[in-house]
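Structural overview for review
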Amino acid sequence: MTIKNIKPNRFFLLLILCIELGCINSSNSKQENKKVQPNIIYIMSDDHAQRAISAYGPDLNKTPNIDRIAKEGAIFKNSFVSNSICAPSRAVMLTGKFSHLNGQTDNLRSFDGSQQTYPKILQANGYQTALIGKWHLKSDPTGFDFWSVHIGQGDYYNPDFKEMGKTKRYKGYSPDIVKENGINWLENRDKEKPFAMLLHFKAPHRNWMPALSKLEMYEDKEFDLPSNFFDNYENRGRASKEQEMSIYEDMELEWDLKMNGAGTAFEKEKFERKLSRFTTEERQQWDAFYNKINEDFKSKNPQGKDLAIWKYQRYLRDYLKVVSSVDDNIGDVLNYLDEHGLAENTIVVYTSDQGFYMGEHGWFDKRFMYEESLRTPLLIRYPAKIKPKTVVNGMVQNIDYAPTFLDYAGIDTPSGIQGESIRPLLEGKKDEIRDAIFYQYFEYPGPHAVKRHFGIRTSRYKLIHFYYDVDEWEFYDLEKDPNEMKNQYANPNYKAIIKELKIKLKDLRTKYKDSDDNNFKIQTQDLKSSKG
Ligand code: SGN
Ligand code: CA
């Protein structure tokens, strides 16, 4: 029946009835007026190098599911952290503030969970919030309706979680468990509210224990050595020379590379604790695989450069097997969103707490302001607002995540937040939001012995100041020397640029409320060298 066919009397009767029932101001038009707040799924892994994602560079491995986020959304080619280590990075992301202001300057401290974080702000604005996976901030999480976190670094196999205050052991492999718990939470959430779910994989953190189903992966692949694998650190300062993160010298045969009996008593004990998590059947499969490699290693008995290369190959194989499990589980999350009609209005983010060395400079681990650990993956899909295959070249930093989420949720950014919304970059409205980033690292003395430093990076140059037990500057021209092999600080040709950068660095430190006084006062207590 159309309006035309209704007799005038009946039309007015219906109109009056409609007004009475309030259907003129119908729920549909109400919904149109109300901002539709997007859901957020923030997926973060631990120590995932950009280079180990095929969307960033196809030479190492294939990550089809992470790549899908880039294909259907945006990839950031210049995404950086502000303090390249776990707990500090996580605190920066939650607060949108640099470490010296949020208080989490190193991995040892306990996070002050009474401070403002973006999950708390979202929660106060009607979002349902959940945190699942690695946390590493010691204090119990705040701002989440549900939380289930690995204890400390957590275990790959049959791990214990602290879930809403209680310890609970899960059966299985950590990346699978984190995904399953995430999907369970999505299934049982209040479907009337928008949600923000933080899914934090502990993988692929050291000691890179692969899933049993992936053990054979990459075993017949020989990885090319990075051009600077045998770096001797000439032309650079004491920080590069004195670090303890060399694959050759510091990567542990037993703990890292699973060669039973090849390590110190300390290493053995640490590794045994991990092996004790296995069921008998799991342990048998594990041993059947690694015992063969152990035998081969013993018979070859590589030394010197050969040993360095052997370690590198084993490291990459295990690391990339673990990455592959992360990628599979991300695929499951994306499929879940498709199957439940959630893809269009959900922002999916993939990132890592920092970058990682995959043999560049002969290293593993992170911490330095050099490119491989300063950079972190960042891919964002939000079909409602972001065009597929968007490539962002502007420099962004992890201080920007909190204000970006608040922006998309239609919530004003509180004044204390130091980052900026990256929405204009995502939606093609701007090419850049800043011309320089600021970096700081404090955990020294500490594991891997990377000296304290801070610095500035522009699109072309990088200036770093190492301090505390040294007073050294390094300057790199990234266009001419992308691998940062030659410190040009003393080169007179760069004098004017260095002068300009020092002024810019000072301005940035003032803007971000950082000072020398502050840096020297920060104590890193009880930290021992990784060799200690
Ligand atoms: C552990 C690792 C270090 C690593 C830190 C911090 N040693 O201590 O290699 O740098 O975690 O990593 S291990 O012997 O326990 O493997 S972080 O990602 O949590 O910051
Ligand atoms: Ca990490």
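Note that the coordinates shown come from a computational prediction; the quantities given were computed from them, not determined experimentally.

Looking at the sheet that holds strand 14 (residues 453–457)
The antiparallel open sheet is built from 4 strands, whose spatial order is 13-14-15-16. Each of the sheet's edge strands pairs with one partner strand only, and the pair in question is strand 13 (437–441) and strand 16 (472–477). Going from strand to strand, the sheet's axes swing by 15 degrees on average, the running direction of each strand aside. For strand 15 (residues 461–466) and strand 16, the ladder comprises 6 bridges, and the chain directions are antiparallel. When the bridges of strand 16 are listed, leucine 463 appears paired with phenylalanine 475. Against the sheet, helix 16 (residues 495–511) engages strand 13, strand 14, strand 15 and strand 16, with an angle of about 110 degrees to strand 14.

A few points about helix 3 (residues 64–72)
Within the sequence span of helix 3, burial applies to Asn65, Ile66, Asp67, Arg68, Ile69 and Ala70. Elements that come into contact with the buried residues of helix 3 comprise strand 2 (74–76), helix 12 (304–339), strand 9 (346–352) and strand 10 (378–381).

Some thoughts on the site of ligand 1
In the vicinity of ligand 1 lie 18 residues, with Cys86, Arg206, Asp365, Arg367 and His448 positioned nearest. Side-chain polar atom of aspartate 365 to an oxygen atom of ligand 1: 2.7 Å apart, as the coordinates give it. In this structure, histidine 448 approaches ligand 1 through a side-chain N or O atom, which is 2.7 Å from an oxygen atom. Burial of ligand 1 by the protein chains amounts to 84% of its free accessible area of 460 Å². Residues of the shell around ligand 1, tallied by class, amount to 3 nonpolar, 6 polar and 9 charged.

Quick word on the packing of helix 3 against helix 12
For the pair helix 3 and helix 12, the least separation of the axes is 7 Å and the interaxial angle reads 50 degrees. The pairing of helix 3 with helix 12 is recorded here as oblique in orientation. In contact with Pro64, Asn65, Ile66, Arg68 and Ile69 of helix 3, helix 12 contributes Asp327, Asp328, Ile330, Gly331, Leu334, Asn335 and Asp338.

Basis of the calculations
Residues numbered from 1 in each chain as written. Chains lettered and ligands numbered in written order. Predicted model: local features only at pLDDT ≥ 70, side-chain atom pairs only at ≥ 80, totals over all residues. Heavy atoms only, no water. Pairing = 2+ DSSP bridges. Helix = DSSP H or I, 4+ residues; strand = E, 2+ residues; numbered from the N terminus. Axes fitted to C-alpha atoms, helices over the stretch in contact; angles between N-to-C directions. Contact = heavy atoms within 4.5 Å. Buried < 20%, exposed > 50% of the residue type's maximum accessible area, 1.4 Å probe, protein only. Near = heavy atom within 4 Å. Polar contact = N/O pair within 3.5 Å; in protein donor to acceptor, adjacent residues only side chain to side chain. Areas by Shrake-Rupley, 256 points an atom, 1.4 Å probe, with all protein chains shown as cover. Nonpolar A, V, L, I, M, F, W, Y, C, P; charged D, E, K, R; others polar. Parallel < 35°, antiparallel > 145°, perpendicular 65-115°, else oblique.

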